Amino acid sequence: MAIKFKENYAAPFLAEDDLKGIAPQVSAAHDILYKKSGLGNDFLGWVDLPVCYDKEEFGRIKKCAEKIISDTDVFIVIGIGGSYLGARAAIEFLKSPLYNNLKKDTPEIYFAGNSISGSALNDILNLCEGKRVSINVISKSGTTTEPAIAFRVFREYLEKRYGHEEAVKRIYCTTDRTRGTLKQLADEQGYESFVVPDDVGGRFSVLTAVGLLPIAVAGADIDALMSGAAKAREEYSVNDVYKNDCYRYAALRNIFYRKGKAIELLVSYEPRFAMMAEWFKQLYGESEGKDGKGLFPASVTFSTDLHSMGQYIQDGRRHLFETVVTIGDCGSDIVLKKEENDGDGLNFLAGKTMSFVNQKAFEGTILAHTDGGVPNLVIEVEKADEENLGRLIYFFEKACAISGYMLGVNPFNQPGVEDYKKNMFAMLGKPGFEDRKAALEARIQ
């Protein structure tokens, strides 16, 4: 198996019958998921997506990516939340956090519409000057404030620079199949469009056109990505917590939650995993954080954050556990050389690779943290490639669904997200929110 789950560093914090006691709940969650009898059962399209995806659209995505690679220097992906996190995470994991600065035959890729910062948007616009530009706007409705603002700005930019007819050829929409403001505009203008499936929620959508088009534009092999996910779908379908690593991870994180561990700290030792951690935080935070329940998902990158957060993790309040993702092969390495004067005292590392040193940092840290009272779970990823990424994405998505059902929540809705939107619309003076605006303004100091 290309992904292995290890719990030996968590064993000292578990009672003998903890897993046995929770196993029936895992099995029940599996049945709810596969019988589609639970909350949010209209959003289970991701379960079989790795084998049941639209092959015709998949072919169009690859063809479209080839066109963009041939005629574009800067590709702007406009979206927020699940409409951009998965794609950005995948690109940085597979290529590099420095992807845009590398020598390559693919476009630079920038992500917009994920904030309401005018200066941030201007920075991207300035980067476009003198370069060939195309955009991919991702929104099921087309009315989500952050991406809608960015799309207005970039659509105007393209039309002013290229003229309407040429701009149409450089705008790609990923939206609802039949309805919504963006779908209507795409049909009216003739933009090439792709589908956000009705039965796949945003945070589960990275393996749909939402993520696949930007990932393909970066030059990644999306066939291998889907193949890895398909293998994971098969592997993690067994309704047995002792044979299914994905289910055991879901079970153990719930056990620690019930033991008073309020925070799950996702740990990696490779900077290329940092955005995957951001994707993870949305996936689990939006899926489980409701009805007063749920682990708080946080993340760190070691050894960097050992020099900032390490003290708290080692000696602070004992209300967290760590899930460590290790990556065996990141594609390149550096061998440390011997220096004649050994001024830094590092000659004892001569002939060793940096990945070897990183591994020893992991081993030393995990022993220190478990000695300090912090349980650790470990997910070993064999290689930072497309197939392993597909496996890992599906692993986390499946575990999230099982874990959510074990908590007794709907893992596929996000009612709390709407509250800030209503307040923001009211404060901005959107028609229909007048009463709310008056009430809110009375509270603002």
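Residues numbered from 1 in each chain as written. Predicted model: local features only at pLDDT ≥ 70, side-chain atom pairs only at ≥ 80, totals over all residues. Heavy atoms only, no water.

Peer 1: Looking at this model, I keep getting lost on the pattern of salt bridges. Mind explaining?
Peer 2: Oppositely charged side chains are able to pair whenever their charged atoms sit close together. Using the criterion set out here, one finds 27 salt bridges in the structure. With its nearest N and O atoms 3.0 Å apart, the salt bridge here joins Asp18 to Lys259. Here Lys259 lies in the loop between helix 11 (245–258) and strand 7 (263–268) and Asp18 lies in helix 1 (residues 18–35), a separation of 241 residues in the sequence. Relative accessible area serves as the criterion here: at 41%, Lys259 is assigned to the partly exposed category. Because the salt bridges share partners, they merge into one network encompassing Glu56, Glu57, Arg60 and Glu192. (Salt bridge = Lys/Arg side-chain N within 4 Å of Asp/Glu carboxyl O. Helix = DSSP H or I, 4+ residues; strand = E, 2+ residues; numbered from the N terminus. Buried < 20%, exposed > 50% of the residue type's maximum accessible area, 1.4 Å probe, protein only.)

Peer 1: Looking at this model, I keep getting lost on the nonpolar core. Mind explaining?
Peer 2: It is characteristic of soluble globular proteins that their nonpolar side chains tend to be buried jointly. Counting residues in hydrophobic clusters, the biggest one holds 95 residues, and the most contacted among them are Trp46, Leu213 and Phe396. Per element, the largest residue contribution to this core is twelve residues, and it comes from helix 15 (residues 386–407). (Core = buried A, V, L, I, M, F, W, Y, C linked by side-chain atoms within 4.5 Å.)

Peer 1: Can you help me understand the pairing of strand 7 in this one?
Peer 2: By the criterion of burial, strand 7 is predominantly enclosed, with six of the six residues buried. On strand 7, burial covers both faces: Ile263, Leu265 and Val267 on one face and Glu264, Leu266 and Ser268 on the other are all buried. Both strand 7 and strand 8 (residues 296–301) contribute to a ladder of six bridges, which runs parallel. Bridged to Glu264 within strand 8 is Pro297. (Pairing = 2+ DSSP bridges.)

Peer 1: Can you help me understand the packing of aromatic side chains in this one?
Peer 2: Geometrically, a pair of aromatic rings is defined through the distance of the ring centres and the angle of the planes. Applying the stated criterion across every chain yields a total of 22 aromatic pairs. Measuring from centroid to centroid gives 6.1 Å for Trp46 and Tyr394, while their planes differ by 55°, and the two rings are tilted. Taken as a pair, Trp46 in the loop between helix 1 and helix 2 (49–52) and Tyr394 in helix 15 lie far apart in primary sequence, 348 residues in all. Here Trp46 and Tyr394 have matching classes, each one buried. With a centroid separation of 6.3 Å and 40° between ring planes, the pair formed by Trp46 and Phe412 is classed as tilted. Residue Trp46 is found in the loop between helix 1 and helix 2, and its partner Phe412 is found in the loop between helix 15 and helix 16 (417–428); the two are separated by 366 residues along the sequence. The residues Trp46 and Phe412 share a single accessibility class, namely buried. Grouping aromatic residues by their ring pairs yields a cluster made of Phe5, Tyr236, Tyr249, Trp279, Phe280, Tyr284, Phe395 and Phe396. Taking the ring centre of Phe151 as reference, the NZ or CZ of Arg155 above it sits at 4.8 Å. For the cation-ring pair, Arg170 lies above Tyr162, with the distance from its terminal atom to the ring centre recorded as 4.7 Å. (Phe/Tyr/Trp six-rings, centres within 6.5 Å; stacked < 30°, edge-to-face > 60°. Lys NZ or Arg CZ within 6 Å of the ring centre and 35° of its normal.)

Peer 1: Could you clarify how one ought to interpret the packing of helix 10 (residues 222–235) against helix 15 in this entry?
Peer 2: For the pair helix 10 and helix 15, the least separation of the axes is 6 Å and the interaxial angle reads 45°. On the basis of their axis angle, the class for helix 10 and helix 15 is oblique. Considering only the axes of helix 10 and helix 15, their crossing is right-handed. Here helix 10 contributes Ala224, Leu225, Ser227, Gly228, Ala229, Lys231, Ala232, Arg233 and Glu235 to the contact with helix 15, which in turn contributes Glu386, Glu387, Leu389, Gly390, Arg391 and Tyr394. Class assignment of the residues belonging to the contact of helix 10 with helix 15 gives a composition of six nonpolar, three polar and six charged. (Axes fitted to C-alpha atoms, helices over the stretch in contact; angles between N-to-C directions. Parallel < 35°, antiparallel > 145°, perpendicular 65-115°, else oblique. Left-handed = near helix turned anticlockwise from the far one by under 90°. Contact = heavy atoms within 4.5 Å. Nonpolar A, V, L, I, M, F, W, Y, C, P; charged D, E, K, R; others polar.)

Purely geometric numbers; function is a separate question.
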